[in-house]
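Residue-level structural notes
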Amino acid sequence: MIFNFFTKIKSEDFPRTTAQQKKFSTKTKRFYETSKTKLAKGQLIKALCGKQPNKPFDTPIELTVIWVFPKTKQAKNGQRKGTRPDLDNLQKTLQDTLAKLGYYKDDSLITDLIVKKRWHDCSGIYIKIREVEKIDNEFNEFIKEFD
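Residues numbered from 1 in each chain as written. Predicted model: local features only at pLDDT ≥ 70, side-chain atom pairs only at ≥ 80, totals over all residues. Heavy atoms only, no water.

Let us look at the environment of valine 132. Locating valine 132 in the fold gives a position in the loop between strand S6 (124-131) and helix H3 (137-144). Once the C-alpha coordinates of valine 132 and glutamine 79 are considered, the two residues, 53 residues apart in sequence, prove to be 30 Å apart. Setting aside residues up to four positions removed in sequence, valine 132 forms contacts with Pro60, Ile61, Glu62, Thr111 and Asp112. (Helix = DSSP H or I, 4+ residues; strand = E, 2+ residues; numbered from the N terminus. Contact = heavy atoms within 4.5 Å.)

To continue, consider the pairing of S6. One face of the sheet, then the other: side chains in a regular strand alternate in exactly this way. One ladder, built from 7 bridges, connects strand S1 (residues 2-8) with S6; its direction is antiparallel. Its bridge partner being in S6, threonine 7 is matched across the sheet by isoleucine 125. Sheet analysis places strand S4 (residues 61-70) next to S6, joined by 8 bridges and oriented antiparallel. Across the sheet, residue valine 65 finds its bridge partner in S6, namely isoleucine 127. (Pairing = 2+ DSSP bridges.)

The next point concerns the pattern of salt bridges. All chains considered together, the criterion is met by 8 salt bridges. The partner of aspartate 13 in a salt bridge is lysine 46, and the shortest N-O contact between them spans 3.8 Å. Taken as a pair, aspartate 13 in the loop between S1 and strand S2 (23-25) and lysine 46 in helix H1 (residues 35-48) lie far apart in primary sequence, 33 residues in all. A relative accessible area of 23% places aspartate 13 in the partly exposed class. Owing to a relative accessible area of 61%, lysine 46 belongs among the exposed residues under this scheme. Here the salt bridges do not stand alone but share partners, grouping Lys92, Asp96 and Asp107 into one network. (Salt bridge = Lys/Arg side-chain N within 4 Å of Asp/Glu carboxyl O. Buried < 20%, exposed > 50% of the residue type's maximum accessible area, 1.4 Å probe, protein only.)

Another point: H1. With 14 residues, H1 extends 20 Å between its outermost C-alpha atoms, agreeing within 8% with the 20 Å of an ideal straight helix rising 1.5 Å per residue. Within H1, burial applies to Thr37, Ala40, Gln43, Leu44, Ala47 and Leu48. Along H1, the residues classed as buried sweep out an arc of 120° about the axis, all on the same side. Seen from the open side of H1, the exposed residues pointing more than 90 degrees away from its buried face are Ser35, Lys38, Leu39 and Lys46. Contacts made by the buried residues of H1 are with S1, S4, helix H2 (87-100) and S6. (Expected span 1.5 Å × (residues − 1). Arc of directions from axis to C-beta.)

Turning our eyes to something else, we now look at the pairing of S4. Summarising burial for S4: 9 of the 10 residues are buried, a large majority. The sheet contact formed by S4 and strand S5 (residues 110-120) spans 10 bridges and is parallel. Residue phenylalanine 69 lies in a different strand from S5, and its bridge partner there is tryptophan 119. On the question of chirality, the crossover connecting S4 to the parallel S5 by way of H2 is right-handed. (Right-handed = clockwise from strand over helix to strand, strands pointing away.)

Don't take any of this as a statement about function, it's just geometry.
Right, here's the structure in full:
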């Protein structure tokens, strides 16, 4: 099964803060989220809510994500975005949000991950979730070269 969609996000609503930006309180000895981090999570929830599949994925999946950032004057549509925020930091928040909203049972089901960042006038997030076979025969053929 394949499930995919694109959700537009206005420039002013685009999440730019990542889960990486937590703070530590020396008073309570705990990590806490900043207001910017909470805002970014809320923006993701707003963008993704209502687009869930009928039933959460519960088998291994491949997740493809294209973060489409609002284009700057210097950038061209489709240009690769080689600036902050880092993809790995963006992904953690997104994957947790997708699980929380019922796209899949748990983010441990993600066995294959394809992630990109681009600039474009039409900003948003493209998401594709695809069930994958338990045995990766393509990988088995590939690894034979090194056996």
